[in-house]
Amino acid sequence: MSSKSAFRTAIVPAAGLGTRFLPTTKAVPKELLPVVDTPGIEYVAAEAAEAGATKLVIVTSPGKDAVAEYFRPQPELEATLEGRGKHELAAKVRRAENLFETVETAIQEQALGLGHAVGCAEGNLTGEDEAVAVLLPDDLVLPNGALTEMAAVREKHGGTVLCAFDIPREQISAYGVFDVRDTDQDDVKQVVGMVEKPSSEEAPSTFAAAGRYLLDRAIFDALKRITPGAGGELQLTDAIALLISEGHPVHIVVHRGERHDLGNPGGFLRAAVDFALKHPDYGPELGEWLRGRLDNS
């Protein structure tokens, strides 16, 4: 493992109940709902693997074993598909299991916030984990590459690196917003503070948090020293703010791309349509149908 830039472990918090997708999520974890033909969590996991992660830690809740099972080999299914000559389909089935050397779970017994969920994965780390990536499965950040850029910024500046989007000021009140200072790179900013859901007039910038974090190992100590916030939850942003106050370097990388929010049915549908339109098998026919449907609405 190289110096401070390297990370090998990606943590994906997936312990939620998926209440906005009930009743479907009574039986099917939200993270396994397909965006066209691939679960959102596979897209997120593939992004982490592409950036260099070799271990995936899924933070899950009791009874959500199916999320981790998705990344396990299915030899009977694969053999059946191969026996029927469906080699391309068998390769798609194997895709997730081949992303990482190791897939582990950490159990979050109670939903006590994102900070608590990340803290639950500390026992899965080793002495080699100087930093960890955290990817929220509700956020598809496109195109891939944000984590790779974030690793390069950590190599240069050390500390913790977060992903941000530049949001129109009139929409900023829905987000956690960074108070920043410029660096010698246009899309890399030093973070001096964070404000949760400020008014558009009071927002310190238009840079809003996205669901990608490259966290220095110091975050786990900070998580033990913060107090619960609203709803009795431990907030990851509070732990990051504590590190900032103690002089720990924190930077953002402003991602100039797209983002899909899979955390609600409306955002999920937009992602599905977007991905389907780009799909060679479904895109042309779907595009034609949508044009006709909109013309007749």
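Per an unreviewed UniProt entry, the chain goes by UTP--glucose-1-phosphate uridylyltransferase and derives from Umezawaea tangerina. As recorded by UniProt, the Catalytic activity (unreviewed entry) comment attached to the chain reads in full: "alpha-D-glucose 1-phosphate + UTP + H(+) = UDP-alpha-D-glucose + diphosphate". Heading Sequence similarities (unreviewed entry) of the UniProt record for the chain holds this comment: "Belongs to the UDPGP type 2 family."

1. Quick look at the confidence of the model for the chain
Residues at a pLDDT of 70 or more form 97% of the chain, whose mean pLDDT is 92. In this model residues 1–5 is a low-confidence stretch, pLDDT under 50, and it forms 14 contacts with partners more than four residues away in sequence or in other chains.

2. Considerations on the layout of surface pockets
Within this model, the largest pocket holds a volume of roughly 1,500 Å³. In this structure, the largest pocket is lined by 45 residues; those nearest its centre are Arg 20, Leu 114, Leu 136, Asp 138 and Gln 235. Sorting the residues of the lining of the largest pocket by element identifies helix H5 (114–120), strand S9 (176–182), strand S10 (188–196), strand S11 (207–216), helix H8 (236–245) and strand S13 (258–261) as the ones contributing at least two each. Counted by class, the lining of the largest pocket contains 21 nonpolar, 12 polar and 12 charged residues. Forming the boundary of the second largest pocket are 14 residues, of which Glu 42, Tyr 70, Leu 77, Lys 92 and Val 93 lie nearest the centre. Contributing elements (two or more residues each) for the lining of the second largest pocket: strand S3 (38–39) and helix H4 (87–95). Top element by residues in the lining of the second largest pocket is H4. It accounts for 4 residues. Class assignment for the residues of the lining of the second largest pocket results in 5 nonpolar, 2 polar and 7 charged.

3. As for the packing of aromatic side chains
The full count for this structure, using the stated rule, is 3 aromatic pairs. The interplanar angle of 75° and the centroid separation of 5.8 Å between the aromatic rings of Phe 21 and Phe 268 together place this pair among those described as edge-to-face. Linking Phe 21 in the loop between strand S1 (9–13) and strand S2 (34–35) with Phe 268 in helix H9 (residues 265–277), this pair joins segments that are 247 residues apart in sequence. The exposure classification of Phe 21 matches that of Phe 268, with both residues buried. Both rings, one in Tyr 70 and one in Phe 71, keep their centres 5.5 Å apart while their planes meet at 90°; by these two values the pair is edge-to-face.

4. Comments concerning helix H1 (residues 40–50)
For H1, the buried fraction is high: 8 of the 11 residues fall into the buried class. Taken residue by residue, H1 has Gly 40, Ile 41, Glu 42, Val 44, Ala 45, Glu 47, Ala 48 and Ala 49 as its buried positions. Count one or two residues on from H1 and you reach Gly 52, which has phi positive near 115°.

5. Some remarks on the side chain of Thr 160
With respect to the helices, strands and loops of the structure, Thr 160 is situated in strand S8 (residues 160–166). Residue Thr 160 is classed as buried on the basis of its relative accessible area, which comes to 1%. A polar side-chain atom of Thr 160 sits 3.2 Å from a polar atom in the side chain of His 248. Among all residues touching Thr 160, those that are not within four sequence positions of it are Leu 214, Leu 215, Asp 216, His 248, Pro 249, Val 250 and His 251.

6. Notes on the pattern of salt bridges
If you walk through the whole model with that rule in mind, you get 23 salt bridges. Close ionic contact of Arg 212 with Glu 47 constitutes a salt bridge, the shortest N to O distance being 2.9 Å. Of this pair, Arg 212 sits in strand S11 while Glu 47 is found in helix H1, placing the two residues 165 residues apart along the sequence. Each member of the pair, Arg 212 as well as Glu 47, carries the same accessibility label: buried. For Arg 225, the salt bridge is made with Glu 246, and the minimal N-O distance between the two is 2.8 Å. Here Arg 225, found in helix H7 (residues 218–225), pairs with Glu 246, found in the loop between H8 and strand S12 (250–254); they are 21 residues apart in sequence, far enough to count as distant. Residue Arg 225 is classed as partly exposed on the basis of its relative accessible area of 40%.

Criteria and thresholds
- Residues numbered from 1 in each chain as written.
- Predicted model: local features only at pLDDT ≥ 70, side-chain atom pairs only at ≥ 80, totals over all residues.
- Heavy atoms only, no water.
- UniProt positions renumbered as here; feature names shortened; annotations may be inferred.
- pLDDT = per-residue confidence, 0-100.
- Contact = heavy atoms within 4.5 Å.
- 1 Å grid on protein atoms, 1.4 Å probe; cavity = no way out; pocket = protein on both sides within 12 Å on 5 of 7 lines; lining within 4 Å.
- Points joined across faces, edges and corners; volume = space filled by probe spheres on them.
- Helix = DSSP H or I, 4+ residues; strand = E, 2+ residues; numbered from the N terminus.
- Nonpolar A, V, L, I, M, F, W, Y, C, P; charged D, E, K, R; others polar.
- Phe/Tyr/Trp six-rings, centres within 6.5 Å; stacked < 30°, edge-to-face > 60°.
- Buried < 20%, exposed > 50% of the residue type's maximum accessible area, 1.4 Å probe, protein only.
- Polar contact = N/O pair within 3.5 Å; in protein donor to acceptor, adjacent residues only side chain to side chain.
- Salt bridge = Lys/Arg side-chain N within 4 Å of Asp/Glu carboxyl O.

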